[in-house]
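# Residue-level structural notes
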Amino acid sequence: MGTPPMIPPHEMPQPLGIFAGEQFERAGQYLDAFERLAGTPEPLPLYPMYFLLTQAIELFLKSFLAARGMSKKELRGGVRHDLHGLLALCNARQFPVVADLAECVGALQEMNKDYDFRYVTGYTLRVPPPAYCLETGKKLESALAKIMAHAHIEAMVHFAAETRHLVNRRSTGTPYRHPKGALTHIR
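The structure contained in this document is the topic of the report that follows. (Residues numbered from 1 in each chain as written. Predicted model: local features only at pLDDT ≥ 70, side-chain atom pairs only at ≥ 80, totals over all residues. Heavy atoms only, no water.)

### Topic: the packing of helix 1 (residues 16-38) against helix 6 (residues 130-163)
Each packed pair of helices is defined by two parameters, the angle between the axes and the distance between the axes. Packing of helix 1 against helix 6 brings their axes to within 8 Å, and their N-to-C directions diverge by 155°. With respect to their mutual orientation, helix 1 and helix 6 come out roughly antiparallel. In this structure, helix 1 meets helix 6 at a crossing whose hand is left-handed. When its residues are assigned to classes, the contact of helix 1 with helix 6 shows 16 nonpolar, five polar and four charged. (Axes fitted to C-alpha atoms, helices over the stretch in contact; angles between N-to-C directions. Helix = DSSP H or I, 4+ residues; strand = E, 2+ residues; numbered from the N terminus. Parallel < 35°, antiparallel > 145°, perpendicular 65-115°, else oblique. Left-handed = near helix turned anticlockwise from the far one by under 90°. Nonpolar A, V, L, I, M, F, W, Y, C, P; charged D, E, K, R; others polar.)

### What to know about the state of the cysteines
Considering all chains together, one arrives at zero disulfides under this definition. Cysteine cysteine 133 remains unbridged, with the sulfur of cysteine 104 as its closest cysteine sulfur at 4.0 Å. Accessibility expressed as a relative area gives 1% for cysteine 133, which makes it buried. (Disulfide = S-S within 2.5 Å. Buried < 20%, exposed > 50% of the residue type's maximum accessible area, 1.4 Å probe, protein only.)

### Describing the environment of valine 127
Counting through the fold element by element, valine 127 comes out in the loop between helix 5 (101-113) and helix 6. Spatially, the C-alpha atom of valine 127 lies 6.3 Å from that of alanine 107, the residues being 20 residues apart in sequence. In this view, valine 127 contacts Tyr50, Leu108, Met111 and Phe117; residues no more than four positions away in its chain are not counted. (Contact = heavy atoms within 4.5 Å.)

Everything listed here is a matter of coordinates, which is why it stays silent on function.
This is the structure in structure tokens:
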């Protein structure tokens, strides 16, 4: 009796709704990190704080766009880190009204577009107060929460229906041994 034939791997692209949900969750983590840093004693680590905030806003906007059908390739394309451009794309796709978001994005975009939060550029930091930014970020997260939950659940159900024929098939991915010794398969 020889080796059983290998079942070819079934590569499934990640559904956009699942990707959107993961982006939304990651955005929330960046916003939480901003909030934690904002609560540290003076002097506040302003550049890292506002980098985390702009990253949170960017990912919240990109999660919405993915939930509305924009591909990963399109999200990595022309607008990349352009908060104004991302917000404009969102507004063209029935984005919910979020009080103070456009103003907050406007105040942060100049420094964000030139990576002034990430790298030393000699730019003088001029940003809205952390409390205002945090409140705006929380409003954004709240406004998108139901939209993102719906998109994520819908994608999970659709994905499960599309892949149910793969149940009980063995993975043919590369074996990976976790540092603690557990053997898993990765693709």
